[in-house]
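Structural overview
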Amino acid sequence: MQSLDGPRLKLRRAEEQLEALKNILRVFGKENPTESRGELNSDQTEGRYLIVSDMPQPPPEWGIYVGEIAYQLRSALDQIIWQVYKKTKPTTPDKARLYYPIKCKALRNGTLKDIVHLSATQKARIVGLQPYKRSSGDPVRDPLWIIDQINIADKHLTVPLV
């Protein structure tokens, strides 16, 4: 197996799950149509867009799909870190300390203590990809942060969808 085959397989599985979920959502949307309309207030200075529906609560199975997708994406990141390490170091580290950190707040001293086994250059690249560095607005809306939080939540309960 090539060094990035594992992460690629994880990404492919996430794509398959996402396509399956999209198909389920399409059917659900056809079976539960919504009405939407735009409205202006009485003095026509503000508008709002309304979606009206008697749509039932999403089935809990959808949360399983969302959790599986987040898991595969998060796991692919961790496997990439492992492969980066293997390419540069001859010895095997403590595997429990080798994962892709995802932070939404700036780090003290700009360092990542979570990836002690990587080089300074590798750490700098990972710091540059952190949600608090990439996001121009709110880092908790960054896709990396969202994937990480869904993955964590899914380990403890079915991801609730509303």
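Reading the values: rules and limits
Residues numbered from 1 in each chain as written. Predicted model: local features only at pLDDT ≥ 70, side-chain atom pairs only at ≥ 80, totals over all residues. Heavy atoms only, no water. Axes fitted to C-alpha atoms, helices over the stretch in contact; angles between N-to-C directions. Helix = DSSP H or I, 4+ residues; strand = E, 2+ residues; numbered from the N terminus. Parallel < 35°, antiparallel > 145°, perpendicular 65-115°, else oblique. Left-handed = near helix turned anticlockwise from the far one by under 90°. Nonpolar A, V, L, I, M, F, W, Y, C, P; charged D, E, K, R; others polar. 1 Å grid on protein atoms, 1.4 Å probe; cavity = no way out; pocket = protein on both sides within 12 Å on 5 of 7 lines; lining within 4 Å. Points joined across faces, edges and corners; volume = space filled by probe spheres on them. Core = buried A, V, L, I, M, F, W, Y, C linked by side-chain atoms within 4.5 Å. Buried < 20%, exposed > 50% of the residue type's maximum accessible area, 1.4 Å probe, protein only. Contact = heavy atoms within 4.5 Å. pLDDT = per-residue confidence, 0-100. Phe/Tyr/Trp six-rings, centres within 6.5 Å; stacked < 30°, edge-to-face > 60°.

What follows covers the packing of helix α1 (residues 5-31) against helix α2 (residues 61-88). α2 packs onto α1 with a crossing angle of 160 degrees between their chain directions and a minimal axis gap of 8 Å. Comparing their axes, α2 and α1 come out roughly antiparallel. Between α1 and α2 lies a crossing whose hand is left-handed. Its residues placed into classes, the contact of α1 with α2 shows 17 nonpolar, five polar and three charged.

A few words on the layout of surface pockets. For the largest pocket, the calculated volume is near 160 Å³. Taken together, Y71, R74, S75, D78, Y99, I102, D148, N151, I152 and K155 form the lining of the largest pocket. At the level of secondary structure, the elements contributing two or more residues to the lining of the largest pocket comprise α2 and α5 (143-154). For the lining of the largest pocket, the per-class residue count stands at four nonpolar, two polar and four charged.

The subject of this paragraph is the nonpolar core. Core analysis: the largest hydrophobic core is formed by 15 residues, its most contacted members being I81, Y100, I102, L118 and I126. Mapped by element, the contributors of at least two residues to this core are α2, α3 (120-128) and α5. Looking at this core element by element, the count peaks at three residues for α2. Excluding anything up to four places from it in sequence, Y100 contacts R74, L77, D78, I81, I126, L129, Q130 and L144.

Running from N to C, α2 and α5 point in directions that differ by 115 degrees, and their axes come no closer than 8 Å. Helix-helix and strand crossings are classified by hand; for α2 and α5 the assignment is left-handed. Where α2 approaches α5, its residues G63, V66, G67, E68, A70, Y71, L73, R74 and L77 are matched on the opposing element by L144, I147, D148, I150, N151 and D154. Tallied by class, residues from the contact of α2 with α5 come to eight nonpolar, three polar and four charged.

A word on the confidence of the model for the chain. In this model, the chain carries a mean pLDDT of 84, and residues with pLDDT of at least 70 account for 88%. Highest mean pLDDT in the chain belongs to α1 (95); lowest belongs to strand β2 (residues 47-52) (72).

Looking now at the packing of aromatic side chains. Geometrically, a pair of aromatic rings is defined through the distance of the ring centres and the angle of the planes. Applying the stated rule across the entire model yields two aromatic pairs. When the ring of F28 is compared with that of W62, the centres are 4.7 Å apart and the planes differ by 80 degrees; the resulting orientation is edge-to-face. Linking F28 in helix α1 with W62 in helix α2, this pair joins segments that are 34 residues apart in sequence. The burial state of F28 is the same as that of W62; both residues are buried. Relative to Y85, the ring of W82 lies with its centre 6.4 Å away and its plane at 25 degrees, an arrangement referred to as stacked. Of this pair, W82 and Y85 are both found in helix α2, three residues apart, which corresponds to roughly one turn of the helix.

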